[in-house]
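The lines below spell out each chain.
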Amino acid sequence: MKNLIAASLLFSFAAVSQAHFGSVIPDKQIVEDQKDSTVTLTAAFNHPMEQSGMNMAKPKNLSVIVDGRKTDLTDTLKPAKVLDKDAWITQYKVIRPGLYEFVLEPQPYWEPAEDKFIMHYTKVMVPAYGVEDGWEIPAGLKTEIIPLTRPFGNYVGNIFRGKVVVDGKPAANVPVEVEYYNVDKRVKAPNDIFITQVVMTDDQGTFSYSVPWEGWWGFAALSEADYKIKHEGVDKPVEIGAVLWTEFVTPSFK
Ligand SMILES: [Cu+2]
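Scoring rules and cut-offs
Residues numbered from 1 in each chain as written. Predicted model: local features only at pLDDT ≥ 70, side-chain atom pairs only at ≥ 80, totals over all residues. Heavy atoms only, no water. Donors = N, O, S within 2.8 Å, 3.2 Å for Na, K, Ca; no water. Phe/Tyr/Trp six-rings, centres within 6.5 Å; stacked < 30°, edge-to-face > 60°. Helix = DSSP H or I, 4+ residues; strand = E, 2+ residues; numbered from the N terminus. Buried < 20%, exposed > 50% of the residue type's maximum accessible area, 1.4 Å probe, protein only. Pairing = 2+ DSSP bridges. Polar contact = N/O pair within 3.5 Å; in protein donor to acceptor, adjacent residues only side chain to side chain. Contact = heavy atoms within 4.5 Å. Core = buried A, V, L, I, M, F, W, Y, C linked by side-chain atoms within 4.5 Å.

Going by an unreviewed UniProt entry, the protein carries the name DUF4198 domain-containing protein and comes from Parasutterella muris.

Following this line, the structure appears as structure tokens:
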């Protein structure tokens, strides 16, 4: 009996510790060729390292920011399946040189296992035709990671640094969960503890993480919103996540 209770306790802890990530991942990290200038973006909500998903309701908003100008792409989203769950896809043709910053605001997601809503504001940046300026400029989201390391063109082993803000103010001492987008589950964690890597922001809201192998990595800085949302008539807390995706690459050697 005691063992059973212990086991079920363990079980519930394991469920709680699963890290959710909003994801917006482009099919290429850089646009450099006019003949291959359409970026396919996939928006989903999942556990990237474990490659298990949740259904994502149609996002409230997906926009692209170029030279400070924001264009709404929400109507271009089409339903798709990612890891057998509802996800969203769009294609965006990049014509001019510039830094293209894609930002997604989701609908609140009700997570019964955590008794709260989750909203991950997610962004990814794609430099096009040699222009990379502006990656350090905030997008003006409710919460976001402002990169202190350029969020593209990075080698494996580089340290990624970012500053987390909520309503434009530094988010001090909040956890930043880090996960690898584990395509085809090619990486196996030695223990569940390894699935999500965790760092904290300091009192300035900054964090750093050294990326150990190539691929797309998601950084999710988690705060609690200053408002509640009702679930079946009861006020529930809202986890707001600032998520940023960035790809790290191993160069080829002659
Ligand atoms: Cu989940």
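Draft legend 1. The arrangement of the coordination of the copper ion in detail. The copper ion binds to the protein through H20 (NE2), H47 (NE2) and M54 (SD); the donor distances cover 2.3 to 2.5 Å. Mapped onto the sequence, the residues coordinating the copper ion show the spacing H-x26-H-x6-M.

Draft legend 2. Local environment of the packing of aromatic side chains. For the structure shown, the criterion picks out 14 aromatic pairs. The interplanar angle of 75° and the centroid separation of 6.0 Å between the aromatic rings of Y181 and W245 together place this pair among those described as edge-to-face. Placement of Y181 in the loop between β15 (175-180) and β16 (197-200) and of W245 in strand β19 (residues 234-249) is noted, with a sequence separation of 64 residues between them. With relative accessibility at 15%, the residue Y181 sits in the buried group. For W245, a relative accessible area of 1% gives the class buried. A connected cluster of aromatic rings, assembled from ring pairs, spans F160, Y180, F207, Y209, W213, W217 and F219.

Draft legend 3. Representation of the pairing of β15. The element β15 is largely enclosed, with a buried count of five among its six residues. Sheet analysis places β15 next to β16, joined by four bridges and oriented antiparallel. Residue pairing across strands places E177 opposite V198, the latter belonging to β16. Where β15 and strand β18 (residues 215-231) come together, five bridges link them in antiparallel fashion. Bridge pairing in β18 places Y180 opposite W217.

Draft legend 4. Examining the side chain of K28 more closely. With respect to the helices, strands and loops of the structure, K28 is situated in the loop between β1 (21-26) and β2 (38-47). Take K28: its relative accessible area is 11%, and that puts it in the buried class. There is a polar contact of 3.4 Å between the side chain of K28 and the side chain of D36. Here the side chain of K28 touches T38 through a polar contact of 2.5 Å, landing on its backbone oxygen. Once you skip the residues sitting within four places of it in the chain, K28 turns out to touch D36, T38, V39 and V126.

Draft legend 5. Looking closely at the nonpolar core. Core analysis: the largest hydrophobic core is formed by 36 residues, its most contacted members being V94, Y100, F102 and W245. Those elements that place two or more of their residues in this core are β1, β2, β4 (61-66), β7 (85-93), β8 (98-105), β10 (116-128), β18 and β19. It is β2 that contributes the most residues to this core, five residues altogether.

Draft legend 6. Local environment of the environment of P151. Looking at where P151 falls in the secondary structure, it is placed in the loop between β11 (143-147) and β12 (154-155). Linking P151 and V126, residues 25 residues apart in sequence, is a C-alpha distance of 9.0 Å. Contacts of P151, omitting those with residues within four sequence positions, involve M125, W135, F160, L244 and T246.

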